[in-house]
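Structure assessment
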Amino acid sequence: MADLLRPDGTPVRVLVVDDEPDLVEVLEAVLRQEHFEVRTAGDGATALRAAKEFGPDAVVLDVMLPGMDGLEVLRRLRETAPRLCVLFLTARDAVEDRVAGITAGGDDYVTKPFSLEEVLARLRGLLRRAGMTRAAAEERLVVGELEMDEEAREVSRAGVPIDLTPTEFEVLRLLMCNPRRVLTKGQILDQVWSYDFGGQAHVVELYISYLRKKIDSGRAPLIHTVRGVGYVLKP
């Protein structure tokens, strides 16, 4: 995955706020490995002080914090940084809790337990959509003979251009960001169509079918079905 940078070329700054030290340590290590600049906090008051000093571009924020909860932390952050990208973390998975987080101003929501790959994918998606970053121009997503230029939104296989619709592009990007990893229909639906709670799995099947016709037709297949589980992209 291409590194995401601030418009001035410096690393994107991420503030991680959670009261579970082990989780914070893991998230910090993974984000640093992906070349983000990271600060951490274990409670709301510390988070607000860190945000003032650090000036983050994004916050990975736990809802259930000691003292001041994550929703109140977000409200205060938004007063001075209305464009700040916020990814909520929580152990609560009820739809009403997800809606509450988004209504409060959060940009996206991941429920515990989650995969680190999912957190990274969601965070990168938020930053791209906010227009606050630029990708390193020389980097591309490559899986076998399939290549994707995220900035130019161009896809090719063995050097032959492939024309994709915006939604097809997003589904393929998710698969290419997770090569050799089986993604369920629910994961694809949630990450590509986000908060469309009425979405159905057949929509995913339809777009996988579209992609196969454009990418795999007449060639060795790259998109594979794992029966009863989901789909995986692998050479």
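Below is a short write-up of the structure.

Parameters at a glance
Residues numbered from 1 in each chain as written. Predicted model: local features only at pLDDT ≥ 70, side-chain atom pairs only at ≥ 80, totals over all residues. Heavy atoms only, no water. Buried < 20%, exposed > 50% of the residue type's maximum accessible area, 1.4 Å probe, protein only. Helix = DSSP H or I, 4+ residues; strand = E, 2+ residues; numbered from the N terminus. Pairing = 2+ DSSP bridges. Right-handed = clockwise from strand over helix to strand, strands pointing away. Salt bridge = Lys/Arg side-chain N within 4 Å of Asp/Glu carboxyl O.

Further remarks concern the pairing of strand β4 (residues 58–62). In the case of a regular strand, side chains alternate between the two sheet surfaces. Burial within β4 is extensive, with 5 of its 5 residues counted as buried. Where strand β2 (residues 13–17) meets β4, 4 bridges bridge the pair, whose relative direction is parallel. Looking across to β4, one finds that L15 is bridged to V59. Sheet topology note: the β4/strand β5 (residues 85–90) ladder contains 5 bridges and is parallel. Across the sheet, V59 pairs through a bridge with V86, a residue of β5. Note on the crossover from β4 through helix α3 (residues 70–80) to β5: the handedness is right-handed.

Further remarks concern the pattern of salt bridges. Across all of its chains, the model carries 18 salt bridges by this definition. Taking the shortest distance from any N to any O, the salt bridge between D216 and R157 comes out at 3.1 Å. Taken as a pair, D216 in the loop between α8 (201–215) and β13 (223–226) and R157 in strand β10 (residues 154–157) lie far apart in primary sequence, 59 residues in all. Comparing D216 with R157, the two get one shared label, buried. Taken together, the salt bridges that share partners define one network made up of D18, E20, D62 and K112.

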